[in-house]
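Single-letter residue listing:
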Amino acid sequence: MNENKNEISKNEKRIICFVRHGKTIENLKNRIQGRKDFPLSDFGKEDAILTASYLKENDPNWDIIYCSPLTRAKETAAIIASKIKYKKEIVIEEGFIERDFGVSEGMPADDKTFVKVLDDSWEGLEKKADLQKRVKGTLLRILNETNYNKIMIVT
């Protein structure tokens, strides 16, 4: 590790794979979910199976799998873990939870909504800078406190 715990040494070779959860019914309705907790739709389960099949064929060996505490991420991680025969615990990591979209959660994901998301103006919206700080801090903590070389993060 670098002396500065905010920066990982460039000499360290680690692989970090971010996997987006499969689709939920709300995704299919084109609605903002944020932290509202929805399970995968049947289509989302198929998405997760396709991702898992790809990983099984091309890159099945992972030191650790982390995931968001939301059901859709946990289901996606479990499908992948099963298919690649990952036998360890999937670690639930609060720092990888979806962005809090405040009052816009449940609203249609249209141009009007996205303009207000992009300019951080929805009431209760987690600001971009705060989101970035949270995710970066979580990732740096994991990298600094563990020696995993291949890390999968499902969020």
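Quick look at the structure, then. Not measured: the values here are computed from a predicted model.

### Notes on a nonpolar patch on the surface
On the surface, a nonpolar cluster with roughly 280 Å² of combined accessible area is contributed by Ile25, Leu28 and Phe43. Structurally, Leu28 can be placed in helix α1 (residues 25-28). Judged by its relative accessible area of 48%, Leu28 falls in the partly exposed class.

### Quick notes on helix α3 (residues 71-84)
Over its 14 residues, α3 runs 20 Å from end to end, which matches the ideal 20 Å to within 8%, given 1.5 Å per residue. Among the residues of α3, Arg72, Ala73, Thr76, Ala77, Ile80, Ala81 and Ile84 are the ones counted as buried. Projected down its long axis, α3 carries its buried residues within an arc of 165°, all on one side.

### Quick word on the environment of Gly106
Following the sequence through the fold, Gly106 ends up in the loop between β3 (90-92) and α4 (111-118). For Gly106 and Tyr148, which are 42 residues apart along the polypeptide, the C-alpha to C-alpha distance reads 37 Å. Leave out the neighbours within four places in its chain, and Gly106 touches Arg31, Ile32 and Lys36.

Cut-offs used in this document
- Residues numbered from 1 in each chain as written.
- Predicted model: local features only at pLDDT ≥ 70, side-chain atom pairs only at ≥ 80, totals over all residues.
- Heavy atoms only, no water.
- Patch = residues over 30% accessible without salt bridge, like charges linked within 9 Å, V, L, I, M, F, W, Y side chains within 5 Å.
- Areas by Shrake-Rupley, 256 points an atom, 1.4 Å probe, with all protein chains shown as cover.
- Salt bridge = Lys/Arg side-chain N within 4 Å of Asp/Glu carboxyl O.
- Helix = DSSP H or I, 4+ residues; strand = E, 2+ residues; numbered from the N terminus.
- Buried < 20%, exposed > 50% of the residue type's maximum accessible area, 1.4 Å probe, protein only.
- Expected span 1.5 Å × (residues − 1).
- Arc of directions from axis to C-beta.
- Contact = heavy atoms within 4.5 Å.

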